[in-house]
Each structure stands twice: as C-alpha cells, then as structure tokens.
Amino acid sequence: MRRAEQGNETAVVEFIILGFQSIPEVQFILFLMFLVTYITTLSGNLLIMVLVVTDHHLHSPMFFFLGNLSFLETCYTSTILPRMLASFLTNKYVISLNGCFLQYFFFTGLAGAECCLLTAMSYDRYIAICKPLHYTAIMNGRCCLQLAGGSWVNGFLASAVVTSLMPQLTFCGPDEIDHFFCDFMPVVKLSCSDTRWIELVTFILACLLTLPPFLLTLISYVYISYTVLRIPSCTGRHKAFSTCSSHLTVVTLFYGTLMVVYLVPKPNTLGHLHKVFSVCYTVLTPLVNPLIYSLRNNNIKKALRR
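Residues numbered from 1 in each chain as written. Predicted model: local features only at pLDDT ≥ 70, side-chain atom pairs only at ≥ 80, totals over all residues. Heavy atoms only, no water.

Chemist: Summarise the nonpolar core; cite the residues concerned and give the values.
Modeler: Counting 61 residues, the largest nonpolar core has Phe34 and Phe65 as the members making the most contacts within it. Looking at which element gives the most residues to this core, the answer is helix α4 (residues 97-130), with 12 residues. Core analysis: the next-biggest nonpolar cluster, separate from the first, contains 19 residues, Phe15, Cys100, Val162 and Phe184 among them. (Core = buried A, V, L, I, M, F, W, Y, C linked by side-chain atoms within 4.5 Å. Buried < 20%, exposed > 50% of the residue type's maximum accessible area, 1.4 Å probe, protein only. Helix = DSSP H or I, 4+ residues; strand = E, 2+ residues; numbered from the N terminus.)

Chemist: Outline the packing of α4 against helix α6 (residues 141-165), listing residues and values.
Modeler: One can describe the packing of α4 onto α6 by two numbers: an axis separation of 7 Å at closest approach and a directional angle of 150 degrees. By the angle between their axes, α4 is roughly antiparallel relative to α6. Here α4 runs over α6; the crossing is right-handed. The residue inventory of the contact of α4 with α6, partitioned by class, reads 16 nonpolar, 8 polar and no charged. (Axes fitted to C-alpha atoms, helices over the stretch in contact; angles between N-to-C directions. Parallel < 35°, antiparallel > 145°, perpendicular 65-115°, else oblique. Left-handed = near helix turned anticlockwise from the far one by under 90°. Nonpolar A, V, L, I, M, F, W, Y, C, P; charged D, E, K, R; others polar.)

Chemist: So what's going on with helix α3 (residues 81-90)? Residues and values would help.
Modeler: Among all positions in α3, only Leu81, Met84, Leu85, Ser87 and Phe88 are buried. Take α3 and look down its axis: the buried residues cluster within an arc of 155 degrees, on one side only. The first or second residue beyond α3 is Asn91, which carries a positive phi of 60 degrees. (Arc of directions from axis to C-beta.)

Chemist: Which residues make up the layout of surface pockets, and what values go with them?
Modeler: Taken as a whole, the largest pocket spans an internal volume of roughly 870 Å³. Among the elements of the structure, α4, α6, α7 (184-188), α8 (196-229) and α9 (234-262) are those that each provide at least two residues to the lining of the largest pocket. In terms of residues, the lining of the largest pocket owes the most to one element, α8, which gives 10 residues. Considered class by class, the residues forming the lining of the largest pocket number 22 nonpolar, 4 polar and 2 charged. (1 Å grid on protein atoms, 1.4 Å probe; cavity = no way out; pocket = protein on both sides within 12 Å on 5 of 7 lines; lining within 4 Å. Points joined across faces, edges and corners; volume = space filled by probe spheres on them.)

Chemist: Can you tell me about the environment of Val260, naming the residues and giving the values?
Modeler: You can see Val260 is positioned in helix α9. Taking the C-alpha atoms as reference, Val260 lies 15 Å from Val283; in sequence the two are 23 residues apart.

Chemist: Hey, could you go over the state of the cysteines for me, with residue numbers and the actual values?
Modeler: Where two cysteines share a covalent bond between their sulfur atoms, that bond is called a disulfide. A full pass over the atoms with the stated rule returns 2 disulfides. There is a disulfide in this structure between Cys172 and Cys192, and the S-S distance comes to 2.0 Å. One end of the pair, Cys172, is in the loop between α6 and β5 (176-177); the other, Cys192, is in the loop between α7 and α8, with 20 residues separating them in the sequence. Classification of Cys172 as partly exposed rests on a relative accessible area of 25%. Residue class for Cys192 comes out partly exposed when judged on its relative accessible area of 37%. (Disulfide = S-S within 2.5 Å.)

Chemist: For the sheet that holds β5, give the residues involved together with the corresponding values.
Modeler: Strands sit in the order β4-β3-β5 across an open sheet of 3 strands; the sheet is mixed. Taken across any chain shown, the strands that pair with only one partner, and hence form the sheet edges, are β4 (94-96) and β5. Direction of pairing for strand β3 (residues 14-17) relative to β5: parallel, over a ladder of 2 bridges. Bridging from a neighbouring strand, Ile17 pairs with Ile177 of β5. (Pairing = 2+ DSSP bridges.)

Chemist: With reference to specific residues and values, describe the environment of Leu253.
Modeler: Counting through the fold element by element, Leu253 comes out in helix α9. Assessed through its relative accessible area of 30%, Leu253 is described here as partly exposed. Taking the C-alpha atoms as reference points, Leu253 and Val288, separated by 35 residues in sequence, lie 9.4 Å from one another. Contacts of Leu253, omitting those with residues within four sequence positions, involve Thr285 and Val288. (Contact = heavy atoms within 4.5 Å.)

Chemist: Quick rundown of the pattern of salt bridges? Include the residues and the values.
Modeler: Counted according to the given criterion, the structure contains 2 salt bridges. Between Arg125 and Asp124 there is a salt bridge, and its shortest N-O distance comes to 2.9 Å. Classification of Arg125 by relative accessible area gives buried; the value is 8%. The class for Asp124 is buried, based on a relative accessible area of 1%. Across the pair Arg196 and Asp194 runs a salt bridge whose closest N-O atoms are separated by 3.0 Å. Judged by its relative accessible area of 63%, Arg196 falls in the exposed class. (Salt bridge = Lys/Arg side-chain N within 4 Å of Asp/Glu carboxyl O.)

What follows is the structure, encoded as structure tokens:
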C-alpha cells in the first residue's frame, strides 16, 4: 500500500475497499448477480429514455421527469457497479484518495438530485389530480425545465460543498473502508484529524437536501389522497390513483431504504446487514424503477408495443 510522508506522519494516499471480501465463497455468485443487475438496469433505463424521446405520445411533463429519472439512475448505478465488477475480476480493491472523493461526489450529487426530482414528480401529480384545469398552464415547458434543472443543481451543489472539505482531512491509517464504495462515514471515520466540522456541515446539508423534499412529497400525496377519496365513482378513484401509483412505489422504496441505511443504528453485529440494505438502495432501486414504471404504466406499455 502506497503512503506519503507528511511531516512526522505517514499519510495514506490509497484506500482498500473491503466490499464483500469477508465471504470469499460467494464472490463468483456476487459477480454474476451484480453483472446481470447492471446490464438489466442500463437496458431498462436506456429503453425508457429512448421511448420518452422518440414517442410523441410520451411528450408530457410526467414522462419528461421520468426520462430525467432514468438518466439519473443510469449515472447513479454507474458510479458504483463498474468499479465493483472490476474488483471482482482483478482482485484489486485499491482506490486512490482522489478517486474515492470523486466517487463520493457523483454518488452524493446524484442521490441528492433524485430526492429533489422525486419531489418535482410528486408536484406534477399534485397539479394533475388536484388542479387539472390549470395543469397545462402551470406545468409548461419552462416550469418543467426549472424543476428538473433545479434538482440537478441542488444535488451537485451540496455534494460539491462536502467533497471540497474532504481533501482537507488527514488519513494516516488504518486504510481499509468497510463498505463496497466510498460513502461518507466509512471514509471519514478513518481520518486521524478533527472531523467534527465536516460531519456538522454534512449533517446540515443532508437535512436540507432530504427533509424538505420528503415533507413536500408527503404533503403532495396527502392532498392527492384527499382529492381522490372525494371522487364519487370507484372507477374514477382507481383511474386517478393509477396515474401516481408507480411514482408512490418508487418514493416509498427510495426513502424506505435510505432511512434504514442512514438512520437506523448500526451495531457491529449488523455490519453485513447494513451492507445488504446499502445494496438495496444503491443497486436494486435503479433496477426496479424502470420495471415499476413499465409494468404499472399503461402509456409506457403502449409505447413498448408500438
């Protein structure tokens, strides 16, 4: 392991990502599972992007946001899985400090952008169901671009702030990250310098980037549920709710796994279970999103048949 002399200390310039090395007997099975998952994720999300761009029946705000979400999921899973797959093949689990910080920057930026984008999609459903007569006027092209662009900018701006602070930390050993990618806490806890400020800044930004979008999404669905329940016919209620059921499923899956990973205490005895939940939210969520939308959305199914 390469180290650099820094005063009287030996500074770590590379990390070892332990990943799933503690269970060597299933390495090949894990490689095949992650490879199939990655190929399926790319294929599903790319197919949705192509459909949204080429099929004029899908040129609406809801599918504009869906196309953005599929592009985001493609980038999201590509920040983690290709490097993990390469490690399985080469048995090299080393990553440089700059490479680790870069991976964290893209991972966090895309996760933050997804929080905001899911909120924009819930706002779109709120306007469509609660204020249908004003939908075309409110959800025009300019509004959609602002909501989508704001989601990307907010996510990467917050990520840039935190990532810019990480190179100021000193790492002098140990150098093993007990995770399968460069997440914040597994990296920061290896630092031998004071990490209180960066942890405080990260906590504040994480709250600002996740709590308001989550609450706005929740409020949107409270109003949507109230409006749907007031529809007199059962057929009308089912039709109205079906337009947002796919998005509600994705939101529940995303925030549910996110809360388990970052809010539930992680004693040493649950270390492997924590990695499993991390796989759910970083690897499986991008996989199931296109499946949910393609199987539960009639417009997507019709576009696929065309």
